[in-house]
Amino acid sequence: ALQLDPENTGFIGVETFASLVHSHELPLDPAKLDMLVALAQGNDEGQVCYQELVDLISSKRSSSFKRAIANGQRALPRDVLLDETGLGFYKRFVRYVAYEILPCEMDRRWYFYQHRTCPPPVFMAAVTLTQIIVFLCYGARLNKWVLQTYHPEYMKSPLVYHPGHRARAWRFLTYMFMHVGLEQLGFNALLQLMIGVPLEMVHGILRISFLYLAGVLAGSLTVSITDMRAPLVGGSGGVYALCSAHLANVVMNWAGMRCPYKLLRMVLALVCMSSEVGRAVWLRFSPPLPASGPQPSFMAHLAGAIVGISMGLTILRSYEESLQDQCGWWVLLLSYGTFLLFAVFWNI
């Protein structure tokens, strides 16, 4: 150590470090070595920091570590991840997820080499499976698969949010397991699996479950304030939180995204989401069949989108960074908490 760093500065030259790795055949992951070299190229002296080396080997990425890489050369010494050959089916799927979700090649490589199969993305899969099972149970019981909310027994479910039962607080969350009919269930399930599962694979179960449930809760509380006579069913609040956060992240990092046909897919996603909102508005104010009471509200869609664009975008842009270190995150969290308190006291 004294020969490599006689002044005890904590830095050594990148060429010295590279020759040390090759001469002693140190078992350092080539992908991590590439990142370390790119990191060293970000400073004027071209030096390797000892603490950065320790963090990299221990798979730790602080916000300062990521900023240092971003300030350095973006081009990696090796080819981009898409040029990797000889990959199995699962690793190709992981690479596909990396290019779908992450806008930076460094982040994509980091995710690809650090990805572990455990824990699997169980949250979105479990929510979707539960929604399908609940729908099938009510469909078989009521013998109705389309516009189930028009059946008088449907609104008596203990899961549905209904303004007459707002004192039963669990309904503000459990309504996400109920759906108007097969069309709404299919739309939500498709988006949860196509967008929610990849997001959970990259950002983890804690962040994505928090974002989804925040959208669900914001949806029911918004309905309780703005559309006070309407009931509410469906997981659209959480789905729109995920989708709006992902779409906003794609737009803000448009140049870095490498997913194929991104413009066409963006347009199709916006058209489908807008159509779903329009359909919900139509069912709320111009129901096709006579009903005994108000139909489910559409305000949860809008509330979920707002949560996604604000809080969700912050979460997705902070890949492998601590949210606790970001002032903007605390401002958004405080704003969301203030809204929750206001909505709770409003309902009380």
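Residues numbered from 1 in each chain as written. Predicted model: local features only at pLDDT ≥ 70, side-chain atom pairs only at ≥ 80, totals over all residues. Heavy atoms only, no water.

Student: Could you give me a rundown of the side chain of T314, with the residues and numbers involved?
Tutor: Relative to the assigned elements, T314 resides in helix α13 (residues 299-316). Residue class for T314 comes out buried when judged on its relative accessible area of 18%. Look past the residues within four positions of T314 in its chain and what remains in contact with it is L323, Q326, W329 and L332. (Helix = DSSP H or I, 4+ residues; strand = E, 2+ residues; numbered from the N terminus. Buried < 20%, exposed > 50% of the residue type's maximum accessible area, 1.4 Å probe, protein only. Contact = heavy atoms within 4.5 Å.)

Student: Explain the environment of Y336 to me, and be specific about the residues and the numbers.
Tutor: Relative to the helices and strands, Y336 is located in helix α14 (residues 327-347). Looking at Y336, the relative accessible area reads 12%, which means it is buried. Measuring from C-alpha to C-alpha, the distance between Y336 and M311 comes to 8.6 Å, with 25 residues separating the pair along the chain. Excluding its chain neighbours within four sequence positions, the residues that come into contact with Y336 are A214, L217, A218, V307 and M311. Only 2.8 Å separates the side chain of Y336 from the backbone oxygen of A214, close enough to count as a polar contact. (Polar contact = N/O pair within 3.5 Å; in protein donor to acceptor, adjacent residues only side chain to side chain.)

Student: Explain the pattern of salt bridges to me, and be specific about the residues and the numbers.
Tutor: Here the idea is simple: oppositely charged side chains can pair when their charged atoms come close. Considering all chains together, one arrives at five salt bridges under this definition. Note that E183 and R279 form a salt bridge whose closest N and O atoms lie 3.5 Å from each other. In this pair, E183 is assigned in helix α9 (residues 182-203) and R279 in helix α12 (residues 262-285), connecting sequence segments 96 residues apart. The class for E183 is partly exposed, based on a relative accessible area of 40%. (Salt bridge = Lys/Arg side-chain N within 4 Å of Asp/Glu carboxyl O.)

Student: Just give me the short version of the nonpolar core, but keep the residues and values in it.
Tutor: Burial of nonpolar side chains together is a common tendency in soluble globular proteins. Ranked by internal contacts, the top residues of the largest apolar core, which has 75 residues, are Y111 and Y212. With nine residues, the top contributor of residues to this core is helix α10 (residues 205-226). Discounting chain neighbours no more than four positions away, the residues touching Y212 are F123, M124, V127, Q131, M176, Q192, G235, G238, V239 and L242. (Core = buried A, V, L, I, M, F, W, Y, C linked by side-chain atoms within 4.5 Å.)

Student: Lay out the packing of aromatic side chains in plain terms, naming residues and giving numbers.
Tutor: This model, assessed by the stated rule, comprises eight aromatic pairs. Cation over ring: K91 sits above F112, and NZ or CZ is 4.2 Å from the ring centre. Taking NZ or CZ as reference, R284 lies 5.3 Å from the ring centre of F285, over its face. (Phe/Tyr/Trp six-rings, centres within 6.5 Å; stacked < 30°, edge-to-face > 60°. Lys NZ or Arg CZ within 6 Å of the ring centre and 35° of its normal.)

Student: A description of the confidence of the model for the chain should follow, citing residues and the corresponding values.
Tutor: Residues with a pLDDT of 70 or more make up 76% of the chain, whose mean pLDDT is 83. Overall, residues 71-78 carries pLDDT values under 50, and its contacts beyond four positions in sequence, including any with other chains, amount to 17 contacts. (pLDDT = per-residue confidence, 0-100.)

Student: Summarise helix α7 (residues 122-142); cite the residues concerned and give the values.
Tutor: With 21 residues, α7 extends 30 Å from end C-alpha to end C-alpha; this agrees with the ideal 30 Å at 1.5 Å per step. Every buried residue belonging to α7 is among F123, M124, V127, T128, Q131, V134, F135, Y138, G139 and L142, and all of these are buried. Seen from one end, α7 has its buried residues packed into an arc of 130 degrees, which puts them on one side. When the buried face of α7 is taken as reference, the exposed residues oriented beyond 90 degrees from it are L129, A140 and R141. Those residues of α7 that are buried are in contact with α9, α10 and α11 (236-252). Two residues or fewer past α7, N143 is found with a positive phi of approximately 55 degrees. (Expected span 1.5 Å × (residues − 1). Arc of directions from axis to C-beta.)

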